[in-house]
Every structure is written in structure tokens, then in C-alpha cells.
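# Structural overview for review
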Amino acid sequence: SGSYNFLADSLKLSNISISGSTTVFGKLGINGNMTLNPYAINERGQIINKFNVLKTGHLARMTNAGASLSYSISGGGKYQGNDGHHGSPGGGGDGDGDGHHHGGNSDYAFIYYHPITGEYIPGGWCYYMNPNIPWSLRVGYNYSFSRSYQYSNERLQVKDNHTQTVSLSGSLRLTKALDMNFNTGFDLTKMKMSTTQVSATYDLHCFTMSVSWVPNGQWESWSFRFAAKASALADILKFKKTSSYWDN
């Protein structure tokens, strides 16, 4: 993409932006972008009204570029195998002989094998979670490049900046009312953790309770909020307590 301003006195052609994206195997997202400046610079690093191709022979100057990879997985959290559902030993359908409910709408379920060791559990194990827990997990990689110019001591210095980060984020709905989210990452250029945030929201039908925590970095803080869901009452019926990242 780009544009040309016929009424401008100079530098009529805008920067040229190029971007592309694709998905591999339906899970792996690949994105790339690049910005090109068609005009040349002088010996002080200032843009001049002369096309770069006429001065250097190169079509344009690349000012910044970036690329990213992302892989996402998600699911309904349905138990697989012998979990007390669909004809499993000791139960099936919506209940068993002991009167325990195994329906999909229940927040309780029975499993008959230890989730780690695989050992059979006689009589089953009451699992206090919704057997259909929605969840998602995303892993990403980002690379960015930018070029700047600095003129000092009668010499033009070209500075190339590179940034690489790895990110991880996810969400989990433990019950129909409780949602949990997190995101974190690691800066491969500075070799340190990026901002991490953990948050949770609990739906109390007419009210909503939410907490947020940033344990590290520049934005270190926490907040707690309890408020009415109705927009007309949200600012009146609410309680909010926070710590500011301005003073840690």
C-alpha cells in the first residue's frame, strides 16, 4: 500500500507498506510486514526530495520490518476414556446406581483412573470441576527491526535495532461463572521476563467480581473490583481497590 500527494511541494510519494500472512496446518500463523521509504537521505541522515534509486541504485530504503509466529490450541476440556461417562465402569449416561449425577451440566464428575499414574481407583474419584472446561493456549514469537540515523562528530551513524520476544498466554473457565486468564513472555534481546499478568473474573449474576495482578516489571500492580453488571449502576454500586504502578 502507498499513496501519492499531487498537491505536496515535495516528498509526494508516501512510505510503501508490504505485509503478508498465512496459516499452516490450521494452527500455525505466520505474519510479516515491511516499510520502505522511496526517498534518499543526505550525509546528515535527513530525508531529501530525491528518489533513493537515483542516488544509491536501490529501489527504496527499508526503515522497519517484522515477523511473527503464533500457535494456538483450544478445547472444551472433555474427559477422554474411562471417566464415568458413556458406558465407563461404575456409571454411564446421566447417573449411576449410587445416585451420583454425571450429566454434562454438572460441576462434578467421577474419574476412575489416576490422571498421573493411570492406576485404577475403585469406586471412582469425585472431581470437582465442570467436565466441559473451555480452555485455550497461545504461544508466539515476535521479531522486529528498525533503522535510525544519528549525525555526530561530522559522521553519520546508522543504528539497527533488533527485538525478539517469546510470549505465552492462555485462558481457562473453571466453572460457568469463573474465568481465568494469564499472559507472560520473555525478551530474548534483553534476556529478561516481559510483563506478566494474571486475572480472574467471577460472575455473580447481577454483579461481577474481578482481580488482576502484575507481579513484575514496570507495570507491577494489583487491583480488585466488585461492581454491578448493569451499565447504569456500574459506577454507583461498585467497590474498587488498587495499587498504582506509578509508585509500586
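The shown structure was predicted, so the numbers you read here are calculated from the model rather than taken from an experiment.

Within the protein, the regular secondary structure consists of one helix and 15 strands. Per-residue burial over the protein gives 21% buried out of 248 residues. Within the protein, contacts between residues separated by at least 24 positions form 37% of all contacts whose residues are at least 6 apart in sequence. Accessible surface, the protein as shown: approximately 16,700 Å² in total, 56% of it carbon and sulfur.

This next bit is on the pattern of salt bridges. Applying the stated criterion across every chain yields a total of three salt bridges. Between Arg173 and Asp179 there is a salt bridge; the shortest N-O distance is 2.7 Å. Overall, Arg173 belongs to the partly exposed group, its relative accessible area being 34%. Its relative accessible area of 23% is what places Asp179 among the partly exposed residues.

In this structure the tally under the stated criterion is four aromatic pairs. For the ring pair Tyr4 and Phe6, a centre distance of 5.0 Å and an interplane angle of 70 degrees mean the geometry is edge-to-face. You can call Tyr4 partly exposed: its relative accessible area is 43%.

The next subject is the pairing of strand β12 (residues 197-204). As defined by bridge partners, strand β10 (residues 178-187) adjoins β12 across six bridges and the pair is classed as antiparallel. Paired with Asn181 across the two strands is Ser199, which belongs to β12. One ladder, built from seven bridges, connects β12 with strand β13 (residues 207-214); its direction is antiparallel. Following the sheet pairing, Val198 is matched in β13 by Trp213.

Here we take up the side chain of Thr63. Mapped onto the fold, Thr63 is located in strand β5 (residues 61-75). If we ignore the near neighbours within four places in the chain, the residues touching Thr63 are Thr35, Asn37, Phe145, Ser146 and Arg147.

Peptide bonds are mostly trans, and most non-glycine residues show a negative phi. Despite not being glycine, Leu11 has its phi angle at roughly 50 degrees, a positive value. Considering the arrangement of structural elements, one finds Leu11 in the segment before β1 (16-24). The class for Leu11 is partly exposed, based on a relative accessible area of 37%. Of note, Met191 is a non-glycine position whose phi angle comes to about 55 degrees, a positive value. Relative to the elements of secondary structure, Met191 occurs in the loop between β10 and β11 (192-193).

If you trace the backbone, Ala40 turns up in strand β3 (residues 39-41). Look at Ala40 and you get buried, because its relative accessible area is 1%. Between the alpha carbons of Ala40 and Arg61 there is a distance of 7.4 Å; along the sequence they are 21 residues apart. Those residues in contact with Ala40 that lie beyond four places of it in its chain are Gln46, Ile47, Ile48, Lys50, Phe51, Asn52, Lys55 and Arg61.

The next thing to look at is the confidence of the model for the protein. Of the residues in the protein, 75% have a pLDDT of 70 or more, and the chain-wide mean is 81. At the level of individual helices and strands, the protein shows its lowest average pLDDT in strand β7 (residues 120-127), which scores 63, and its highest in strand β2 (residues 28-37), which scores 96. Scored below 50 in pLDDT, residues 79-105 shows 47 contacts in the model against residues more than four places distant or in partner chains.

What counts and what doesn't
Residues numbered from 1 in each chain as written. Predicted model: local features only at pLDDT ≥ 70, side-chain atom pairs only at ≥ 80, totals over all residues. Heavy atoms only, no water. Helix = DSSP H or I, 4+ residues; strand = E, 2+ residues; numbered from the N terminus. Buried < 20%, exposed > 50% of the residue type's maximum accessible area, 1.4 Å probe, protein only. Contact = heavy atoms within 4.5 Å. Areas by Shrake-Rupley, 256 points an atom, 1.4 Å probe, with all protein chains shown as cover. Salt bridge = Lys/Arg side-chain N within 4 Å of Asp/Glu carboxyl O. Phe/Tyr/Trp six-rings, centres within 6.5 Å; stacked < 30°, edge-to-face > 60°. Pairing = 2+ DSSP bridges. pLDDT = per-residue confidence, 0-100.

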